[in-house]
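Structural description and commentary
The primary structure of each chain is shown beneath.
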Amino acid sequence: MKRVFPLFFSFLLLIGVLIPQFGFSAEVVKIGTINPMTGVLALAGQETLRGIEIAAAMQNKRGGVQGKQIVLVKGDSQTLKTAVTEAERLISVEGIKLFAGEYSSSRAKAATAVSEKYGCIYLVDVALADDITSRGFKYVFQAMGRAYLWGSDGAKFIAEEAAPKLGRKPNELRVALAHEDSDFGTSISAAFVQKAMEYHMKIVATEPYSASAVDLSSLILRLKQANPDILILTPYIRDGILFLSQARDAGLSPKVILCPGGVLSNQVFNDKLGDDMNYVLVTSSASLDVKKEAFKPEAWAALQEFIEQYKKEHKQDPPQDAYHGFNGAWLFFHFVLPRSKSLDPDDVEKTLRNLTLEPGESVTTFGYKFAPLGHSNPGTNLIGYPNIFQWQKGSINHCVYPKKFASSELMLPMPAWGQRSMK
C-alpha cells in the first residue's frame, strides 16, 4: 500500500500535465447549434455547421472561454417542427443555455421562440428575416444583420453601380423580382422594393413561389413577358437551380441578375450551369477577395486560419455558407463569451448589447452593433452591411462592391445565355 499511493499520486500529476498540453479541459461549456442537417436545406446547413465547428476549434486552441473548452451540441432543423423539438431537447435534456446557429430564417424564428421562453441566449448566425428580431425578444441576436439591410443595399447597388454600366438612369430600369415565399425570400424582396422605389425604379413584376415547386415555367414565362432589365432572384438551392435552368430554356435573359440573399454563391450552381453562371451577382457577408488592409492584423490572421483549416479538413475552398457560419460563431466565441462577466444568459445578453466592433476588427468587412431593447428589431446587427460578389471565370470569389473592400471589377451587362464564357 505504501508503494501504491505514491504511484497513484504521480499518475494524477501526469494527467494534470497532459490535459492542458493536449488541449483538454476538465471543464466545458456546452453550446447548442441547430441547423438543417437533412432535407432540402441540408447542403447549406451542413456548411454553416462546418464554419461553426472551425470557430469552436480555433477558440479552444486559444484556451476556450473563461477557462472552459467549447463543446457543440447539435440539432437538426429539417422542418419547422423539428426546429422546435430540437430546441426543446437541447434545453431540457442537454441543459443548453447558449445557442449559435441556424441557416434558415423560418426555422430560426421557430427555434428562438423556444429559447426565449426559457431565457437562453440564441445568436442567429446566418438567418436574415426581419421578423426574427421584430418580436421584441431579449435573448435573441442576429449576427449578419437583417433582410432590410441586404435587400436595400442590393437596390442601392443596382441604382448606383449597375445602372451606369448599362448606360441607364435608375428611373429608367425595369426590375422584376422572383423569390421563394418563406420569411427569407419575402422579407429580402420587400426591402429591395422599398429602397428601389426611392430611386424610382420601375417594378414590372413580383413573383413569389414555393421552394418545393417542381415546375416554375409558367412563372418564368410571365417574367419574360414583363421584359425586365434587372432580375432580383431570392431562392434556396434546389429551387434556384430549377429556376435558372428553366429561365435558360425559356430565354429569360435580363442584363443583370442579382441574388440579394446569397444563395446563388454556392458552388453547386456552377457545377449545374457552368459558364452560364458567369456575370451573376450575389450578396454575401463572406470575406472573399477582399483587401487585407481593410482588416486589423489579428482579424486577418484569424480569417486566414479559418480558410486553411477548412481546406485541410474538407479538401476545398470554403463556400460562403461556411464563412457565414464561421463569422457569427467567431464573434460569439472569441469576442462575446470571453468578455462576459459570466456565462449566465443575462450576463451574456448585457455583453452583446454593449458590444461594438468596427468593420475589419472581426473577420468581416462589416462591424457589429446590436440594437437595444425598445428598438423595432432589438438584437439585430445595425451595421451588418454585406458585400456583393460576381461569378467570373467559374468562381464566385470576386468582390465587386463596396469599392473600398473590392478587389475585382464589376462586369456588366450580362451577355445572353450561352455567351457567358470568360476565357
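So, a few notes on the structure that sits alongside this text. (Residues numbered from 1 in each chain as written. Predicted model: local features only at pLDDT ≥ 70, side-chain atom pairs only at ≥ 80, totals over all residues. Heavy atoms only, no water.)

**Some thoughts on the overall build of the protein chain**
Defined as follows: Secondary structure elements are taken from DSSP: a helix is a run of H or I of four residues or more, a strand is a run of E of two residues or more, and numbering for both begins at the N terminus. Atoms counted for the radius of gyration: C-alpha only. Globule rule: 2.2 Å times residue count to the power 0.38. Only protein chains enter the accessibility calculation, which uses a 1.4 Å probe; a residue is then buried when its area is under 20% of its type maximum, exposed when over 50%, and partly exposed in between. All accessible areas in this document rest on Shrake-Rupley with a 1.4 Å probe, and a residue is counted as covered only by the protein chains that are shown. Under this rule, positive means Lys or Arg and negative means Asp or Glu; His and the chain ends count for nothing. Note on charges: their place is set at NZ of Lys, CZ of Arg, CG of Asp or CD of Glu.
When its secondary structure is counted, the protein chain shows twelve helices and 14 strands. Since a compact globule built from 423 residues should have a radius of gyration of about 22 Å, the 23 Å found for the protein chain is in line with a globular shape. With the C-alpha coordinates aligned to their principal axes, the bounding extent of the protein chain is approximately 90 × 45 × 40 Å. By the burial criterion, 58% of the 423 residues in the protein chain qualify as buried. For the protein chain, the accessible surface area stands at approximately 17,100 Å², while carbon and sulfur atoms represent 55% of it. Looking at charge distribution, the protein chain has the averaged site of its 46 positive side-chain charges lying 3 Å from that of its 43 negative ones.

**Let's talk about the layout of surface pockets**
Stated formally: Both site types are read off a 1 Å grid over the protein atoms alone. A 1.4 Å probe that fits but cannot get out defines a cavity, while an open set with protein on both sides within 12 Å along at least five of seven lines defines a pocket; lining residues have an atom within 4 Å of a point. Grid points are joined across faces, edges and corners, and a volume is the space filled by probe spheres set on the points. Classes in brief: Ala, Val, Leu, Ile, Met, Phe, Trp, Tyr, Cys and Pro nonpolar; Asp, Glu, Lys and Arg charged; the others, Gly included, polar.
In this structure, the largest pocket spans a volume of roughly 320 Å³. Going through the elements one at a time, helix 2 (42-61) and helix 9 (267-273) are the ones with two or more residues in the lining of the largest pocket. In terms of residues, the lining of the largest pocket owes the most to one element, helix 9, which gives three residues. For the second largest pocket, the calculated volume is near 240 Å³. Taken together, 14 residues line the second largest pocket, and the ones lying closest to its centre are T365, Y385, P402, K404 and F405. Looking at side-chain class alone, the lining of the second largest pocket contains eight nonpolar, three polar and three charged residues.

**Quick word on the nonpolar core**
One broad rule of soluble globular proteins: the nonpolar side chains tend to lie buried together. Defined as follows: The criterion is simple. A nonpolar core is a set of buried Ala, Val, Leu, Ile, Met, Phe, Trp, Tyr and Cys residues joined through side-chain atoms within 4.5 Å. Residue contacts follow a heavy-atom distance rule, with two residues in contact if any of their heavy atoms lie within 4.5 Å.
In this structure, F243, L244, F269, L331, F332 and F333 are the most contacted members of the largest nonpolar core, which totals 98 residues. If one sorts the elements of this core by residue count, helix 11 (residues 320-336) sits on top with ten residues. Dropping the residues within four chain positions of it, F332 is found in contact with L98, F99, A100, I121, L123, L337, P338, V348 and L352. Counting 23 residues, the second largest nonpolar core, distinct from the first, contains A155, V175, F192 and V400.

**A word on the pattern of salt bridges**
The criterion, for reference: By definition here, a salt bridge exists when the distance from a side-chain nitrogen of Lys or Arg to a carboxyl oxygen of Asp or Glu is within 4 Å.
Per the stated rule, a full pass over the model turns up 21 salt bridges. Among the ionic pairs, D346 bridges to K138, the shortest N-O distance being 3.2 Å. Here K138 lies in the loop between strand 4 (121-124) and strand 5 (140-142) and D346 lies in helix 12 (residues 345-354), a separation of 208 residues in the sequence. The exposure class of D346 is partly exposed, given its relative accessible area of 28%. The class of K138 is partly exposed, set by a relative accessible area of 29%. A salt bridge links R353 to E349; the nearest nitrogen and oxygen atoms lie 2.9 Å apart. Note that R353 and E349 are positioned in helix 12 at a spacing of four residues, about one turn of the helix. By relative accessible area, E349 is classed as buried at 7%. Look at the salt bridges and you will find they share partners, linking K30, E86, R89 and E94 into a network.

**Some points on the environment of E298**
We count it as follows: Contacts described as polar in this section are N or O atom pairs within 3.5 Å, which, within protein, must combine one atom able to donate a hydrogen with one able to accept it, while residues neighboring in sequence count only if both atoms come from side chains.
Looking at the element boundaries, E298 is found in helix 10 (residues 297-314). With 39 residues separating them along the chain, E298 and C259 place their C-alpha atoms 31 Å apart. Looking at E298, its side chain comes within polar contact range of the side chain of H334, at 3.2 Å.

**Topic: the pairing of strand 1 (residues 28-35)**
Just so we agree on the cut-off: Any two strands with at least two DSSP-identified bridges between them are counted as paired. Throughout, right-handed denotes a crossover for which the path from the first strand over the helix to the second runs clockwise when the strands point away from the viewer.
Within strand 1, six of the eight residues are buried, which leaves the element mostly enclosed by the surrounding structure. Where strand 1 lies against strand 2 (residues 69-76), eight bridges are found, and the strand directions are parallel. Counted as the bridge partner of K30 is V71 from strand 2. Handedness of the crossover is the feature at issue here: the chain leaves strand 1, passes through helix 2, returns alongside strand 2, and the resulting connection is right-handed.

**Overview of the sheet that holds strand 10 (residues 281-284)**
Definition in use: Comment: axis = line fitted to C-alpha atoms, over the contacting stretch for helices; angle = value between 0 and 180 degrees taken between N-to-C directions.
An order of 7-6-8-9-10-13-14 is seen for the seven strands of this open sheet, with the pairing classed as mixed. Strand pairing shows two members of the sheet lacking a second neighbour, strand 7 (202-209) and strand 14 (399-401), which therefore form its edges. Neighbour to neighbour, the strand axes of the sheet diverge by 25° on average, direction disregarded. Lying over the sheet, helix 6 (residues 183-198) contacts strand 6 (174-180), strand 7, strand 8 (230-234) and strand 9 (256-259), oriented at roughly 165° with respect to strand 6. Against the sheet, helix 8 (residues 237-250) engages strand 6, strand 7, strand 8 and strand 9, with an angle of about 155° to strand 8.

**Focus on unusual backbone geometry**
In most cases, non-glycine residues show a negative phi, while peptide bonds are predominantly trans. At the junction of Y401 and P402, the peptide bond is cis and its omega measures out at -5° in the coordinates. Tracing the chain through its elements places P402 in the segment after strand 14. A cis amide bond links L412 with the next residue in sequence, P413, at an omega value of 0°. With respect to the element layout, P413 can be found in the segment after strand 14. The phi dihedral of Y279 falls on the positive side, at around 85°, and the residue is not glycine. Phi angles above zero are rare outside glycine, and K393 is one such case at about 55°. Considering the arrangement of structural elements, one finds K393 in the loop between strand 13 (387-390) and strand 14.

**As for the packing of aromatic side chains**
Applicable threshold: Centres within 6.5 Å make a pair out of two Phe, Tyr or Trp rings, where for Trp the six-membered ring is used; the pair is then stacked when the planes are under 30 degrees apart, edge-to-face when over 60, and tilted otherwise.
This structure, assessed with the given rule, holds 13 aromatic pairs. Centroid distance F306 to Y323: 5.2 Å. Interplanar angle 70°. Geometry classified as edge-to-face. Taken together, the residues span a long stretch of sequence, with F306 in helix 10 and Y323 in helix 11 at a distance of 17 residues. The pair formed by F306 and Y323 is uniform in burial state, with each residue classed as buried.

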